[in-house]
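Breakdown of the fold
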Amino acid sequence: MSNVATDHARMRKLSRRATLVLGIAAALLLALASARASAIVVRLHNGHRISYRPLSGQRPAASRTMQRRVHNLEYHGGPVMTSNTNHAFYWDPSGAPSYPAEYQTGINRYFEDLAHDSGGVQNVDSIATQYGDSGGAFANYNSKFGGAIVDKDPYPPDGCTAAAICLTDQQLQAELTAYIEAHKLPHGLTDEYFLLTPPGVENCGEATSFECSAGSSSPVYCAYHSFISFPGGSIIYAVDAFVAGNPGCDNGEHPNGNASDAALQGGISHEHNESITDPEINAWYASNGEENGDKCRTFNEATEYGPALGTAGDGSRYNQVINGHFYWYQQEWSNEGSRCEQRLTPEVPFVKRIAPRKGSTAGGTTVTLTGSAFKGVTAVRFGAVNAASFTVLSPTTIQAVSPAEPKGSVLITVQNAVGSSTPTGKDRFKYR
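Residues numbered from 1 in each chain as written. Predicted model: local features only at pLDDT ≥ 70, side-chain atom pairs only at ≥ 80, totals over all residues. Heavy atoms only, no water.

1. Thoughts on the sheet that holds strand S27 (residues 428–431)
Read from one edge to the other, the open sheet built from five strands follows the order S20-S27-S26-S22-S23, with strand pairing classed as mixed. Only two strands of the sheet have a single partner each, and these edge strands are strand S20 (358–359) and strand S23 (385–386). In this structure, strand S26 (residues 408–415) lies alongside S27, joined through four bridges in antiparallel fashion. Looking at S27, one finds that Gly408 is bridged to Tyr431. (Pairing = 2+ DSSP bridges. Helix = DSSP H or I, 4+ residues; strand = E, 2+ residues; numbered from the N terminus.)

Right under this line is the structure:
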């Protein structure tokens, strides 16, 4: 009997262990499923956040299911980049894999072209200018090229196992921070560093991450952006592994005929625009976590890239012309049009609602106008009389102070360089 009792006790222990193992396995699967179903902003175990551009077929489930009902980006109180000096950071140790010919020169030329057309409306950077912060500053298309940096420091021992050379975000941060500090390079909300690695050098969010770069054994993203808290101002950075020829990031349209086209399409433009509008991942994003680039990473050519403007000499299409050079990369989300666009299309202001809707005949009532296309507004009128004053808080919000008027109702109209808002009845203000 004692042997039977002992056997039963052992069986109970084994049963408890099996239940525990199954529970842990279920929890891990649930955690993985939750990570895949989360928004594109990922919080690593160390608390650091990154925002990535997913490979084709890797769009998070939350984005797929919520896309139809998630509309414009919302402001969450953080800063935007009112200007951006872009630095191309090539980590190129001696004896390590090398970059293809023309790769670095093609990327450098792109940043030079952006700077040349700075302030215009010819390309997607102009779309970012509609997004402002709580202080009234906007993400201006004010680009400069800070030049190319070639870092010859050796790679550290692999921090992850998803590739022959595999670096974690923490290792990339450490190298970038050390280099900027050693060379006294500028940083803050006016500079961004694009860390570009050669073929065969992949990266993961962390050592145990299931989310790694496109050429790894755990491919999820093409590129990502984030920031590093640092004395004197954050270090704004993006990480772009080599993606040429990878169909998850590169659809083969290379109007310049080299691998740099894939880098622009695979993430540089996407991360650049998200950094301008959400540099510390606390400014402009939708309720499901998508930033302006994420909302247009639709995996549908019509909405992701828009119509082609022409065909380059090698037969590749292009949808951007910057400083006379051809490029092909994704569109960006416009709150003003509630759609993905290739470039900013100025629109007539639209007033959706006002609050309050009544005020004193003596004037002095602060009225909040909500609508669209408010950036660049030149006048706000109560009937035929100009507002006593007005402040454009964002492309969708204006605060105007009512002028003195006799009793009665007037329509509030908003004017910009394109035209005046059309009265809808929802913009009627009553003096009493």
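2. Notes on helix H4 (residues 169–182)
For H4, which comprises 14 residues, the first-to-last C-alpha distance of 20 Å matches the rise-based estimate of 20 Å (1.5 Å per residue) to within 8%. Along H4, the positions that sit buried rather than exposed are Asp169, Gln171, Leu172, Gln173, Glu175, Leu176, Thr177, Tyr179 and Ile180. Residue Lys184 follows H4 closely and has a positive phi angle near 50°. (Expected span 1.5 Å × (residues − 1). Buried < 20%, exposed > 50% of the residue type's maximum accessible area, 1.4 Å probe, protein only.)

3. Regarding the side chain of Gln331
In this fold, Gln331 is placed in the loop between strand S16 (325–327) and strand S17 (332–334). For Gln331, a relative accessible area of 5% corresponds to the buried category. Beyond its immediate stretch of four places on either side in the chain, Gln331 contacts Val124, Cys296, Ala302, Thr303, Glu304, Tyr305, Gly306, Cys340, Glu341 and Gln342. (Contact = heavy atoms within 4.5 Å.)

4. Re the packing of helix H3 (residues 103–116) against helix H5 (residues 260–277)
Contact pair H3 / H5: the axes reach a minimum separation of 10 Å and the direction vectors enclose 40°. Looking at the two axes, H3 sits oblique to H5. At the point where H3 passes H5, the crossing takes the right-handed sense. When H3 is examined against H5, the residues Tyr103, Gly106, Ile107, Tyr110, Phe111 and Leu114 are found in contact with a partner set consisting of Ser260, Ala263, Leu264, Ile268, Ser269 and His272. (Axes fitted to C-alpha atoms, helices over the stretch in contact; angles between N-to-C directions. Parallel < 35°, antiparallel > 145°, perpendicular 65-115°, else oblique. Left-handed = near helix turned anticlockwise from the far one by under 90°.)

5. A closer look at the nonpolar core
Residues Tyr52, Phe89, Leu172, Leu176, Tyr193, Tyr224 and Ile235 are the most contacted members of the largest nonpolar core, which totals 25 residues. With residues near it in sequence (within four places) discarded, Tyr224 still touches Ile50, Ser51, Tyr52, Asp169, Leu172, Asn203, Tyr237, Ala238, Val239 and Glu271. Listed in part, the 22 residues of the second largest apolar core include Val124, Tyr141, Phe194 and Phe242. (Core = buried A, V, L, I, M, F, W, Y, C linked by side-chain atoms within 4.5 Å.)

6. Points about the pairing of strand S24 (residues 389–394)
Relative to strand S25 (residues 397–401), S24 is paired through five bridges, and the arrangement is antiparallel. Residue pairing across strands places Thr391 opposite Gln399, the latter belonging to S25. The turn linking S24 back onto S25 is made up of two residues.

7. Re the pattern of salt bridges
For side chains of opposite charge, pairing can occur when their charged atoms come near one another. A full pass over the atoms with the stated rule returns seven salt bridges. The partner of Glu253 in a salt bridge is Arg317, and the shortest N-O contact between them spans 2.8 Å. Of this pair, Glu253 sits in the loop between strand S11 (235–240) and H5 while Arg317 is found in strand S14 (residues 317–318), placing the two residues 64 residues apart along the sequence. We classify Arg317 as partly exposed; its relative accessible area is 23%. Two residues, Arg297 and Glu304, come together in a salt bridge whose shortest N-O distance is 2.8 Å. Glu304 carries the same exposure label as Arg297, and that label is buried. Members of the salt-bridge network, linked through shared partners, are Arg53, Arg297 and Glu304. (Salt bridge = Lys/Arg side-chain N within 4 Å of Asp/Glu carboxyl O.)

8. Some words on the packing of aromatic side chains
Applying the stated criterion across every chain yields a total of 19 aromatic pairs. Aromatic side chains Tyr110 and Tyr327 sit 5.3 Å apart centroid to centroid with 75° between the ring planes, which places their arrangement in the edge-to-face category. Here Tyr110 is found in helix H3, whereas its partner Tyr327 is found in strand S16, with 217 residues between them in sequence. When its relative accessible area of 0% is taken as the criterion, Tyr110 is described as buried. (Phe/Tyr/Trp six-rings, centres within 6.5 Å; stacked < 30°, edge-to-face > 60°.)

9. Re the confidence of the model for the protein chain
Confidence in the prediction of the protein chain, expressed as mean pLDDT, is 87, and 88% of residues score 70 or more. In the predicted structure, residues 61–69 sits below a pLDDT of 50 and forms 13 contacts with residues beyond four places in sequence or in another chain. (pLDDT = per-residue confidence, 0-100.)

10. Remarks on the state of the cysteines
Scanning the model with the defined rule gives four disulfides in all. Between the sulfur atoms of Cys222 and its disulfide partner Cys249 the distance amounts to 2.1 Å. For the disulfide bridge between Cys222 and Cys249, the dihedral angle about the S-S bond is near -95°, and by the sign convention the bridge is left-handed. With Cys222 in strand S10 (residues 219–228) and Cys249 in the loop between S11 and H5, this pair connects stretches of sequence that are 27 residues apart. According to the relative accessible area criterion, Cys222 is buried, its value standing at 2%. Taking only the cysteines that form disulfides and numbering them from first to last, the protein chain has the pattern 1-2, 3-4, 5-6, 7-8. (Disulfide = S-S within 2.5 Å.)

11. Notes on H3
Compared with an ideal rise of 1.5 Å per residue, which puts 14 residues at 20 Å, H3 spans 20 Å between its outermost C-alpha atoms and is within 8% of the ideal. Within H3, the full set of buried residues consists of Tyr103, Gly106, Ile107, Asn108, Tyr110, Phe111, Asp113 and Leu114. The elements touched by buried residues of H3 are strand S4 (84–91), strand S5 (143–151), strand S7 (191–196), H5, strand S15 (320–322) and S16.

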